[in-house]
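Structural description and commentary
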Amino acid sequence: MARDDALLKYYNQRHRLFHRFADGIVLDDESWYSVTPEKIARHHAERIVSALPRGRDSLIVDAFCGSGGNAIQFALALARGSGGGGGVVIGVDWSAERVAAAAGNAGVYDVENGIEFLVGDSYRLLPVLGKSRVVDAVFLSPPWGGPEYVREDEFDAEPFVALVRLAKEVTENVAIMLPRNLSEESVSELFGPCEFERNYLGGVLKTVTLYFGCLVGLAES
Ligand code: MGP
C-alpha cells in the first residue's frame, strides 16, 4: 500500500472507511477508492431502513456491494430495528474475490447472517431478483470510472439513467450514490422527480445521493 501513492490517501483514511478497520477489514484496490465512508453509509442505511414498511421484515438489495461498506450498515440498521422490523440484505458484486472480502468484513461487524452475497452482474440479476423476491429498496453505488471523475467540471450521469430505470422496475424505492461534481440542475432532467442529497464528511463534500419513491423526504441523521 505504501508503495502505491494513488491509494495512500485512502489508506490514511482507513478508520473513516471502517472504524473497525484494525479488526480484519480486507479491501482490494478498487474498494479503497470506491467504498462509502462509514458515517455516510450509516446515514444511507438509517434513512432508507426507516422509510420502509413497518411490521414485517424488509429486503434491501445493495446492487454494487463492493467490499461491503453499505451492505454492512444496512444489516446493522435492520438488526437495530431502525425500520421497526428486521430483514435481510442482498449484496451483489461481479467479483468473487470482492464478495469473499465483503463476507469477511461483514463478519468483523458481526452481521454475516444478515447479508446474502451473490456474485454476478446486477444489470442481469436485478430483474431476476425482482421476479423472485419482494424487494423493498435497491441501493446503487456503481463504479464511476475511477477517481479521475474529479477532473471533469461536471459529471455526466446519463450512463446511469438506464440503471436507475432497471432498479425502478424492481421497486420504486431506489437510491443511487454519484460523484460530488454532479450538478443538481441536471438531475431532474435526467432522472425525473427525486431528492438530491449532498453527503459531507468532516465538513467536506464527498458524494451526492439521489432518492426515489418512498425514500424521498425522510429522516435526517
Ligand atoms: P474521491 O474523490 O476519490 O476521494 O472519492 P476524496 O477522499 O474525496 O479525495 P480528494 O483528494 O478529492 O479529497 C470520494 C468518495 O467517493 C469515496 O470515499 C467513495 O465513497 C466515493 N467514490 C469514489 N469513486 C471513484 C467511486 C466510484 O467509482 N464508485 C462509487 N460508488 N463511489 C466512489
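Scroll up for the structure.
Okay, so let's go over this structure. (Residues numbered from 1 in each chain as written. Predicted model: local features only at pLDDT ≥ 70, side-chain atom pairs only at ≥ 80, totals over all residues. Heavy atoms only, no water.)

Let's shift gears to the pairing of strand E6 (residues 195-201). Where E6 lies against strand E7 (residues 204-211), seven bridges are found, and the strand directions are antiparallel. Paired with leucine 201 across the bridge in E7 is valine 204. What sits between the antiparallel neighbours E6 and E7 is a turn of two residues, in which glycine 202 has the positive phi angle 55 degrees. (Pairing = 2+ DSSP bridges. Helix = DSSP H or I, 4+ residues; strand = E, 2+ residues; numbered from the N terminus.)

Right, let's talk about the sheet that holds strand E5 (residues 174-179) for a bit. If you trace the seven strands from one edge of the open sheet to the other, you get E3-E2-E1-E4-E5-E7-E6, paired in mixed fashion. The open sheet has two free edges, formed respectively by strand E3 (115-119) and E6, since each of these has just one partner strand. The mean inter-strand angle of the sheet, taken between neighbouring strand axes irrespective of direction, is 20 degrees. In this fold helix H6 (residues 96-108) packs onto strand E2 (87-93) and E3, with an angle of close to 170 degrees to the strand it touches most, E3. (Axes fitted to C-alpha atoms, helices over the stretch in contact; angles between N-to-C directions. Contact = heavy atoms within 4.5 Å.)

Let us now look at the pattern of salt bridges. The tally for this structure, following the rule as stated, stands at eleven salt bridges. Glutamate 46 serves as the salt-bridge partner of arginine 80, at 2.5 Å between the closest nitrogen and oxygen. Here the residue arginine 80 occupies a position in helix H5 (residues 69-80), and glutamate 46 occupies one in helix H4 (residues 38-51), the gap between them amounting to 34 residues. Looking at arginine 80, the relative accessible area reads 39%, which means it is partly exposed. Measuring nitrogen to oxygen at the nearest pair gives 2.7 Å for the salt bridge that ties glutamate 195 to arginine 47. With glutamate 195 in strand E6 and arginine 47 in helix H4, this residue pair connects regions lying 148 residues apart in the sequence. Residue classification places glutamate 195 among the partly exposed positions, given a relative accessible area of 22%. When salt bridges with common partners are traced through the structure, they connect Asp28, Glu30, Asp93 and Arg98 into a single cluster. (Salt bridge = Lys/Arg side-chain N within 4 Å of Asp/Glu carboxyl O. Buried < 20%, exposed > 50% of the residue type's maximum accessible area, 1.4 Å probe, protein only.)

Right, let's talk about the layout of surface pockets for a bit. Empty space within the largest pocket amounts to approximately 810 Å³. Surrounding the largest pocket, 42 residues form its lining, Glu30, Tyr33, Ser34, Val35 and Trp144 being those nearest its centre. Contributing elements (two or more residues each) for the lining of the largest pocket: helix H1 (5-11), helix H3 (29-34), H5, E2, helix H7 (122-132) and E7. Residues that form the lining of the largest pocket fall into these classes: 19 nonpolar, 15 polar and eight charged. Of the pockets and cavities examined, the second largest pocket occupies roughly 220 Å³. Along the walls of the second largest pocket sit 13 residues, with His15, Arg16, His19, Glu38 and Lys39 positioned nearest its centre. Listing elements by their share of the lining of the second largest pocket, those giving two or more residues are helix H2 (14-17), H4, H5 and E6. Class assignment of the residues belonging to the lining of the second largest pocket gives a composition of four nonpolar, four polar and five charged. (1 Å grid on protein atoms, 1.4 Å probe; cavity = no way out; pocket = protein on both sides within 12 Å on 5 of 7 lines; lining within 4 Å. Points joined across faces, edges and corners; volume = space filled by probe spheres on them. Nonpolar A, V, L, I, M, F, W, Y, C, P; charged D, E, K, R; others polar.)

In the neighbourhood of the ligand, 19 residues make up the surrounding shell, with Lys9, Tyr10, Ser141, Tyr149 and Arg180 lying closest. Taking arginine 180, its side chain carries an N or O atom lying 2.6 Å from an oxygen atom of the ligand. One of the side-chain nitrogen or oxygen atoms of lysine 206 is found 2.7 Å away from an oxygen atom of the ligand. A total of 640 Å² of accessible area belongs to the ligand in isolation, and the protein chains cover 87% of it. At the level of elements, H1, H3 and E7 are the ones that each hand at least two residues to the shell around the ligand. Across the shell around the ligand, the residue classes tally to ten nonpolar, six polar and three charged. (Near = heavy atom within 4 Å. Polar contact = N/O pair within 3.5 Å; in protein donor to acceptor, adjacent residues only side chain to side chain. Areas by Shrake-Rupley, 256 points an atom, 1.4 Å probe, with all protein chains shown as cover.)

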